[in-house]
Amino acid sequence: RHPVPMVDVVRGAVAEVEDYTRVTVLPVQGAALAGRAVADVIHLLAELIENATSFSPPYTVVQVGGQRVANGFAVEIEDRGLGMSKRDLAEANEQLTNPPEFNLADAARLGLYVVGRLAERHHIRVRLK
């Protein structure tokens, strides 16, 4: 019910990731998240961090940090993955912005579907770069 510091939200998300030892939490500026959104935002961040660890070389580190920005709070997740083609990146960002109806046949993008729906529920903007 009470606001939760963003650093705790980020740490909670990292704790849900299978390969959490590869994740470094960078400084997270002071801010708090409304209690009703905490579980969903932890899950959203965990999906993105899990994706970063899964699609980057096992000897690399994934960095997560956060800071206040003009219109709220930004969390950045940085990995050293192979990257995506411009077309795939555009399609993934479109799916995050406008999540389609659930399609079990597209299980490879289930994480993006979940992130898109959670982001939509809480008016969070997610963008892959």
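Going by the structure above, here's the rest.
Overview of the structure. (Residues numbered from 1 in each chain as written. Predicted model: local features only at pLDDT ≥ 70, side-chain atom pairs only at ≥ 80, totals over all residues. Heavy atoms only, no water.)

**Comments concerning the overall build of the chain**
Heads up, the rule is: A run of H or I in DSSP counts as a helix once it spans at least four residues, and a run of E counts as a strand once it spans at least two, with each numbered from the N terminus. C-alpha atoms define the radius of gyration, and 2.2 Å times the number of residues to the power 0.38 defines the globule rule. We call two residues contacting when some pair of their heavy atoms lies within 4.5 Å. For the accessible areas, the method is Shrake-Rupley and the probe is 1.4 Å, while residue cover comes only from the protein chains on display. Just so you know, the count uses Lys and Arg for positive and Asp and Glu for negative, and it drops His and the chain ends. Lys charges are placed at NZ, Arg charges at CZ, Asp charges at CG and Glu charges at CD.
Per the secondary structure count, the chain includes four helices and five strands. Listing each helix as α and each strand as β along the chain from the N terminus yields β-α-β-β-α-β-β-α-α. For 129 residues, the compact-globule formula gives about 14 Å, and the C-alpha radius of gyration of the chain, at 14 Å, lands near that figure. With the C-alpha coordinates of the chain rotated into their principal frame, the extents come out at 40 × 35 × 25 Å. Across the chain, the fraction of contacts at a sequence separation of at least 24, relative to all contacts at a separation of at least 6, is 66%. Carbon and sulfur atoms make up 53% of the accessible area of the chain, which totals about 8,500 Å². Charge separation in the chain, taken as the distance between the mean sites of 14 positive and 16 negative side-chain charges, equals 7 Å.

**Let's talk about the nonpolar core**
Which entries qualify depends on this criterion: To qualify as a nonpolar core, a set must consist of buried Ala, Val, Leu, Ile, Met, Phe, Trp, Tyr and Cys residues joined through side-chain atoms within 4.5 Å. Remark: exposure states derive from per-residue accessible area (1.4 Å probe, protein chains only) relative to the maximum for the residue type, with buried under 20%, exposed over 50%, and partly exposed in between.
If you look at the biggest cluster of nonpolar residues, it comprises 28 residues, and the most contacted ones within it are Val 9, Leu 33, Leu 44, Leu 45, Ile 49 and Val 126. Sequence-distant contacts of Leu 44, that is, excluding residues within four places in its chain, are made with Val 115, Leu 118, Ala 119, Ile 124 and Val 126.

**As for the pairing of strand β4 (residues 62-69)**
Threshold: Two strands qualify as a pair provided DSSP detects at least 2 bridges between them.
Of the pairings in the sheet, the one linking strand β2 (residues 23-28) to β4 comprises four bridges and is parallel in character. Across the sheet, the residue bridging to Val 25 is Val 64, located in β4. Looking at chain direction, β4 and strand β5 (residues 72-78) are connected through seven bridges and run antiparallel. Note that in β5 the partner of Gln 63 across the bridge is Glu 78.

**Quick word on the packing of helix α1 (residues 6-15) against helix α2 (residues 38-54)**
Counted only if it meets this: Every angle, taken between N-to-C directions, lies between 0 and 180 degrees, and every axis is a line fitted to C-alpha atoms, over only the stretch in contact when it is a helix. Should an angle lie under 35 degrees it is considered roughly parallel, over 145 roughly antiparallel, and from 65 to 115 roughly perpendicular; all remaining angles are considered oblique. By convention, the crossing between two helices is left-handed when the near helix turns anticlockwise from the far helix through less than a right angle, and right-handed when the turn is clockwise.
Relative to each other, α1 and α2 sit at 55°, their axes nearing to 8 Å. Relative to α2, α1 is oriented oblique. Judged by the sense of rotation from one axis to the other, the crossing of α1 with α2 is right-handed. In this structure, α1 contributes Val 9, Val 10, Gly 12, Ala 13 and Val 14 to the contact, and α2 contributes Val 38, Val 41, Ile 42, Leu 45, Ala 46 and Ile 49.

**So, the environment of Gln 67**
Mapped onto the secondary structure, Gln 67 falls in strand β4. For Gln 67 and Gln 29, which are 38 residues apart along the polypeptide, the C-alpha to C-alpha distance reads 4.9 Å. Filtering out sequence-adjacent residues up to four positions away, Gln 67 remains in contact with Gln 29, Phe 73, Ala 74 and Glu 76.

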